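Coordinate inspection notes
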Amino acid sequence: MKSTSTFLSRFFPTKTRVYDAVTPSQNTPKWYFESRNGIMLGRTFSYVFARGGTLMVQIADKQASTSVNRVASAVANRNRVRSHFDDLLTSPEEPSKNRLANELASELWKRLPISRAADQSGERDIEHTLRIATSSTSQVQSWYGELRDFIPAIAKAATELRGEVLSEALQDELCADMERQMLEQIRYPLPSRSFVDFKFADLSPAEAWTQAQHRLEQECLKFANHVFALFDTLQQKNVIGQIQETTSTCRFTFFRRVAIAAPPKNRNEKRTRRDPDFQIPGHTVFLEETFQVSDYDIQHRHAQCVHHVRNPVLNRPEATVNPLPEKYSRLIDACPNWLAGSVRVLEGELFREERIEWDLHTDTRTEERVIERVRRCPAVLFGPYILAGWGELAIKAEENKKREVEDATFRQAIAKKARVNQCLSFAIAAAAVGAILFTGTATAFTTSLAILVGLAAMALAGYAAHQTMVSRGQLFAGRVLLHSTLIGATIFTLQALLFSIMHWSLSAFGLAVLAAVAAVVAFSVKKADTELGGSRVG
C-alpha cells in the first residue's frame with residue numbers, strides 16, 4: 001500500500017487507512033469513501049480547509065486517480081486499529097460503514113436527472129433519452145464550474161491580516177493578491193465533451209439509455225477523482241492541511257497566508273487637474289486636491305499551524321458547540337450544494353498549539369486619501385458670457401460668516417437657558433433656607449431635606465455658570481467651581497445661622513461661621529479674578 005505523499009509527511013507521518021469496497025447497486029457508480037476531518041468535508045470528503053484536517057478517500061475502481069491510494073483491501077480493513085472517529089461517524093442515521101459508503105457513493109448520482117428518471121416506468125423513446133442525457137451531462141459539467149468557484153473561498157479563509165489596520169479597499173486588494181498567489185499554480189480540471197452526439201442519437205432507445213447510464217456513471221466517477229486529485233494538489237501546495245488521530249486524540253495541521261502591515265509613512269501631495277464637473281465655454285476651472293499618501297510596508301509570511309486536540313467530536317455546522325466565526329461561516333456557505341451536506345466541524349479540547357512562519361517577501365502598498373479639495377470657482381453667467389466670478393477666498397469668507405452667525409445663535413440660546421437655570425437655582429436656594437424654619441417638629445428629617453435641597457441649588461448654580469461660560473466662548477472650570485462654591489457656602493451659612501437661633505445650637509453656629517468664611521474666600525477670589533480681566537458669572 002502506498003500512502004499519499006504530502007509536504008507534511010516529512011514531518012508528521014500519515015497513516016492511510018484502506019477499506020473494502022461496497023458492492024454498488026444497479027444505478028450506483030462504484031466508489032467508496034471514508035472521512036476524517038477538522039473543519040471538514042464530512043461524509044463525502046474530508047479535507048480541512050481553514051482550521052485543520054485531511055480526508056482519507058478510498059475508491060475501488062480501475063479508474064482510480066494515481067495521486068490518491070484508493071485500492072480496497074479486506075485484509076487491511078480487518079487488521080486496522082479501531083479509531084475514535086469510527087464512533088463519531090456512526091450515528092442512528094448512519095449505523096454502519098457500508099450504509100455510509102452507499103449513501104456517499106450515490107450522492108452525486110442521485111442528483112442527476114437520469115437517476116430520477118430510471119425509477120420511472122413506461123417506454124422511453126429516443127427524444128426522451130436525448131433530453132435526459134443532455135440535461136444530466138450539463139449538470140455534471142456545471143459541477144466543474146462550482147468546484148472552480150469554491151477553491152478561491154478556501155484560499156480566502158486561509159488569509160490573515162496583522163499589524164496596522166488598513167482601509168477596507170486596501171484589505172480587499174491585499175487579500176485578493178494573496179489568494180491569487182496561493183492558487184496561481186493550481187490547475188483546475190476540465191469536463192469532458194458531451195457523449196450525446198449524432199452517433200448516440202442513432203442508437204436504439206434501450207441501447208442509448210443503457211449507454212447513457214454507463215457513461216454518466218463514469219463521468220461522476222471521473223469528477224470525483226478530479227475533486228480528490230485537486231484537493232491532493234492543494235495539500236501539496238500547503239493550502240489545506242491534514243489530520244492524524246488516535247483513539248481519543250487528534251492532531252491536525254492547517255496553513256495561513258499572513259500579511260503584516262508596518263506603521264505607515266505619511267506625506268502630503270498637491271495635485272492640480274481640470275475640473276470635469278465645471279465646464280463653461282471660454283472659462284477653465286482647475287481642481288486642486290491635497291492627498292495624504294500613506295506607504296505601508298507589508299511583510300508576507302506563510303504559516304503552518306498544528307493543533308493537538310483531546311476528545312474530538314464532529315458536528316454539523318449548524319449544531320456546533322461554539323459559534324463559528326463569520327470568516328469560516330462564509331467558507332461553509334460557499335460550498336457547492338452537492339458538497340454542503342458533507343461538511344463537518346471538528347471540536348474538542350485544545351491542549352497544545354504549534355505555529356511556524358516563513359518569510360516570503362516584502363512589498364509596499366500605497367493608500368491615498370483626499371484631505372482637502374479646492375474646486376469651487378463660481379461665476380454668474382448668461383449663455384457664454386461671464387458676468388461676474390469669484391474665487392475660493394470669497395467662498396471661505398462667506399462660510400466663516402455663516403458659521404459665526406450659527407455660533408451666535410447657539411450662544412444666545414445657551415445664554416437664555418443659563419439665565420433660566422440661574423433664577424431657578426436662586427429659588428431653590430431660598431426654599432432650602434426657608435425649610436429650616438420648619439425644623440421645630442421633625443428636626444432630623446426636615447434638616448436633612450433642607451441640606452439636600454441646598455446641594456441641588458448649588459449644583460444647578462454651577463451648571464448655570466457653565467452654560468454662561470459656554471455662551472461667551474470660554475471654558476474655565478475654576479470659575480464655574482468658584483461660583484458654585486459661593487452659592488453653596490452662602491446657603492449653608494444662612495441655614496446654620498437660622499438653625500442655631502431656633503434651637504440655640506452652638507455647633508450649628510460654628511458651622512455657620514465656617515461656611516461664612518468659605519463664602520467670603522470664594523467671593524474674594526471671584527472678585528479678584530474679575531478685576532484681573534475675568535468675566536463675571538452669575
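Residues numbered from 1 in each chain as written. Predicted model: local features only at pLDDT ≥ 70, side-chain atom pairs only at ≥ 80, totals over all residues. Heavy atoms only, no water.

Before going further, it helps to spend a moment on the overall build of the protein chain. Along its length, the protein chain carries 14 helices and eleven strands. In the protein chain, buried positions account for 42% of the 538 residues. Put simply, of all contacts in the protein chain between residues at least 6 apart along the chain, 76% involve residues at least 24 apart. Taken as a whole, the protein chain presents about 28700 Å² of accessible surface, with 57% of it coming from carbon and sulfur. (Helix = DSSP H or I, 4+ residues; strand = E, 2+ residues; numbered from the N terminus. Buried < 20%, exposed > 50% of the residue type's maximum accessible area, 1.4 Å probe, protein only. Contact = heavy atoms within 4.5 Å. Areas by Shrake-Rupley, 256 points an atom, 1.4 Å probe, with all protein chains shown as cover.)

What follows covers the pattern of salt bridges. Opposite charge on two side chains permits pairing when their charged atoms draw close. Evaluated as defined, the whole model comprises 21 salt bridges. Across the salt bridge formed by Glu179 and Lys156, the nearest N and O atoms sit 3.7 Å from each other. Of this pair, Glu179 sits in helix α6 (residues 168-183) while Lys156 sits in helix α5 (residues 126-157), and the two are 23 residues apart along the sequence. For Glu179, a relative accessible area of 14% translates into the label buried. Judged by its relative accessible area of 41%, Lys156 is partly exposed. As a salt-bridge pair, Arg355 and Glu160 come within 2.9 Å of each other at their nearest N and O atoms. Here Glu160 lies in strand β4 (residues 159-163) and Arg355 lies in strand β9 (residues 343-374), a separation of 195 residues in the sequence. Relative accessible area serves as the criterion here: at 36%, Arg355 is assigned to the partly exposed category. Because the salt bridges share partners, they merge into one network encompassing Glu160, Arg162, Arg256, Arg301, Arg355, Glu357 and Asp359. (Salt bridge = Lys/Arg side-chain N within 4 Å of Asp/Glu carboxyl O.)

For the protein chain, the average pLDDT comes to 76, and 74% of its residues sit at 70 or higher. When the criterion is pLDDT under 50, residues 41-48 qualifies, and its contacts beyond four places in sequence or with other chains add up to 66 contacts. With pLDDT under 50 throughout, residues 51-102 is counted as low confidence; its partners more than four residues away or in other chains account for 167 contacts. (pLDDT = per-residue confidence, 0-100.)

Relative to the helices and strands, Ser135 is located in helix α5. Judged by its relative accessible area of 31%, Ser135 is partly exposed. For the pair Ser135 and Pro113, spaced 22 residues apart in sequence, the C-alpha separation works out to 6.9 Å. In terms of polar contacts, Ser135 uses its side chain to reach the backbone carbonyl oxygen of Ile132, at 3.0 Å. (Polar contact = N/O pair within 3.5 Å; in protein donor to acceptor, adjacent residues only side chain to side chain.)

This next bit is on unusual backbone geometry. Glycine aside, negative phi is the norm for most residues, and most peptide bonds take the trans geometry. Of note in the backbone geometry, Asn238 takes a positive phi value of approximately 60° without being a glycine. Examined against the element boundaries, Asn238 turns out to sit in the loop between α8 (205-236) and β5 (243-245). Its identity is not glycine, yet Trp504 carries a phi of approximately 45°, on the positive side. Along the polypeptide, Trp504 turns up in the loop between α13 (477-503) and α14 (506-531).

Here α13 spans 38 Å end to end across 27 residues, near enough to the 39 Å set by a 1.5 Å rise per residue. Immediately beyond the C-terminal end of α13, within one or two residues, lies Trp504, with a positive phi of roughly 45°. (Expected span 1.5 Å × (residues − 1).)

This paragraph deals with the packing of α5 against α8. Each pair of packed helices can be described by the angle between their axes along with the distance between the axes. Between α5 and α8, the least distance of the axes is 10 Å, while the angle of their chain directions is 5°. Taken together, α5 and α8 sit at an angle that is classed as roughly parallel. For the contact of α5 with α8, the per-class residue count stands at 20 nonpolar, five polar and two charged. (Axes fitted to C-alpha atoms, helices over the stretch in contact; angles between N-to-C directions. Parallel < 35°, antiparallel > 145°, perpendicular 65-115°, else oblique. Nonpolar A, V, L, I, M, F, W, Y, C, P; charged D, E, K, R; others polar.)

Taken as a whole and assessed by the stated rule, the structure comprises five aromatic pairs. Between Phe195 and Phe200 the ring centres are 5.5 Å apart and the planes differ by 75°, which places this aromatic pair in the edge-to-face class. With a relative accessible area of 6%, Phe195 lands in the buried category. Ring centres of Phe223 and Trp338 lie 5.2 Å apart, and the angle between their planes is 80°; this geometry places the pair in the edge-to-face category. Taken as a pair, Phe223 in helix α8 and Trp338 in helix α10 (residues 337-340) lie far apart in primary sequence, 115 residues in all. Residue classification places Phe223 among the buried positions, given a relative accessible area of 1%. A relative accessible area of 2% means that Trp338 is categorised as buried. Members of the aromatic cluster, each reached through a chain of ring pairs, are Trp143, Tyr144, Phe223 and Trp338. (Phe/Tyr/Trp six-rings, centres within 6.5 Å; stacked < 30°, edge-to-face > 60°.)

This brings us to the packing of α5 against helix α9 (residues 326-333). Contact pair α5 / α9: the axes reach a minimum separation of 9 Å and the direction vectors enclose 165°. Taken together, the axes of α5 and α9 lie roughly antiparallel to each other. Considering only the axes of α5 and α9, their crossing is left-handed. Of the residues in α9, those in contact with Phe150, Ala153, Ile154, Lys156 and Ala157 of α5 are Lys327, Tyr328 and Leu331. Counted by class, the contact of α5 with α9 contains six nonpolar, no polar and two charged residues. (Left-handed = near helix turned anticlockwise from the far one by under 90°.)

Glancing now at the side chain of His483. Counting through the fold element by element, His483 comes out in helix α13. Residue class for His483 comes out buried when judged on its relative accessible area of 3%. A distance of 2.9 Å separates a polar atom in the side chain of His483 from a polar atom in the side chain of Gln422.

Take a nonpolar patch on the surface next. On the surface, a nonpolar cluster with roughly 710 Å² of combined accessible area is contributed by Leu497, Ile501, Leu506, Phe509, Val513, Val517, Val521 and Val525. Looking at the element boundaries, Val517 is found in helix α14. On the basis of relative accessibility, which here comes to 46%, the residue Val517 falls in the partly exposed class. (Patch = residues over 30% accessible without salt bridge, like charges linked within 9 Å, V, L, I, M, F, W, Y side chains within 5 Å.)

Let us look at the environment of Glu160. By relative accessible area, which is 16% here, Glu160 ends up buried. Along the primary structure Glu160 and His302 are separated by 142 residues, whereas in three dimensions their C-alpha atoms are 9.9 Å apart. Excluding its chain neighbours within four sequence positions, the residues that come into contact with Glu160 are Met178, Arg256, Arg257, Val258, Ala259, Lys327 and Arg355.

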